Amino acid sequence: MSFVPKRVLGKFMHVTDQPLKRPGGKSLVYFMGAGFCPFCAAERWAIVKALERFGKWDGLVEDKSAGHDEKYLNVPTFNLARAKFEGDAVEFMGKETADRNFEPLQELDDKDYEILDMYNPDQMIPFLLVDGQYMQVGAGFTPEMVQEMSHDAVRAELDNPNSAVGKAMRAEIDNITALLCKSTGSRGSACSADSVKTLTAKL
C-alpha cells in the first residue's frame, strides 16, 4: 500500500514513513528559521522546551524577533545559531538564515539542501522536521500571544496551568515531544506522561 501524507498533531504533517536517522540511530530534529521572523521566534520556544525533555542545550542565547517590518514585533525567543544539543536518542540540526535585523547569518550547505530539496524546496520558514517523517511549516501557536513580552514573562505563562498562552505553548511542546517519543521508541521520561501518551497513541 502506498503511503498517503496526512495531518497528525497540530499543524504537523506525516509526510513519509521513512525515518531520517543519524549515525548511531538518533532521531534528527531539523529546524530552519530566521531571527527576524516572529513565527520562527514562537516555534523556537516549543523546540527548546520539547528537546529539553530528551537532553541538554548548551549555548542558547535569548533573543527577539524583528522590531519592525513584520506582522508581530519583538517576539521573545532564542537564537539557535550557535546552540548545541546533546541527547542519547535525539540529534538537533538547525540553521538561522538571517538575524533579527534582516542581515544574513548562516549559509545553507549541502547537508541542508539534502533535506530542503526533499521536504521544503521553497525554503519556507519556520520549517521543522522530526525524524524525516513529520514536518511543519509555520508555528504551532500564534506569536501574537507573546509579542513584546519579556522572556521571564513567557516562562511565567508556561508555568501557569491556567494561562491561555501557556496552554497553547504547552500543547505545541507536547506535540513535538510525542513525535519524538514515537520516533525514538519512547526513549525519554516525558514519554510516560499521560498527556504525551495520549498524543503518541494517535500517531
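Source: prediction; values computed, not measured. (Residues numbered from 1 in each chain as written. Predicted model: local features only at pLDDT ≥ 70, side-chain atom pairs only at ≥ 80, totals over all residues. Heavy atoms only, no water.)

**What about the side chain of His14?**
With respect to the secondary-structure elements, His14 resides in strand 2 (residues 13-14). A polar contact of 3.1 Å, which involves the side chain of His14, links it to the backbone oxygen of Thr16. Not counting chain neighbours up to four residues away, the residues in contact with His14 comprise Phe3, Pro5, Lys6, Val8, Gln133 and Tyr134. (Helix = DSSP H or I, 4+ residues; strand = E, 2+ residues; numbered from the N terminus. Polar contact = N/O pair within 3.5 Å; in protein donor to acceptor, adjacent residues only side chain to side chain. Contact = heavy atoms within 4.5 Å.)

**Here we look at the sheet that holds strand 3 (residues 27-33)**
In space, the 6 strands of this open sheet follow the order 1-2-10-9-3-8, with mixed pairing throughout. Edge positions in the sheet fall to strand 1 (6-7) and strand 8 (90-96), since each of these pairs with one other strand and no more. As defined by bridge partners, strand 9 (residues 127-130) adjoins strand 10 (residues 134-137) across 4 bridges and the pair is classed as antiparallel. From the neighbouring strand, Leu128 faces strand 10, where its bridge partner is Gln136. Of the strands in this sheet, strand 3, strand 8, strand 9 and strand 10 touch helix 1 (residues 38-51), which is tilted by about 160° from strand 3. (Pairing = 2+ DSSP bridges. Axes fitted to C-alpha atoms, helices over the stretch in contact; angles between N-to-C directions.)

**Concerning unusual backbone geometry**
Following Ile125, the chain continues into Pro126 via a peptide bond in cis, with omega recorded as -10°. With respect to the helices, strands and loops of the structure, Pro126 is situated in the loop between helix 2 (110-119) and strand 9. Phi angles above zero are rare outside glycine, and Glu148 is one such case at about 65°. Within the fold, Glu148 resides in the loop between strand 10 and helix 3 (151-159).

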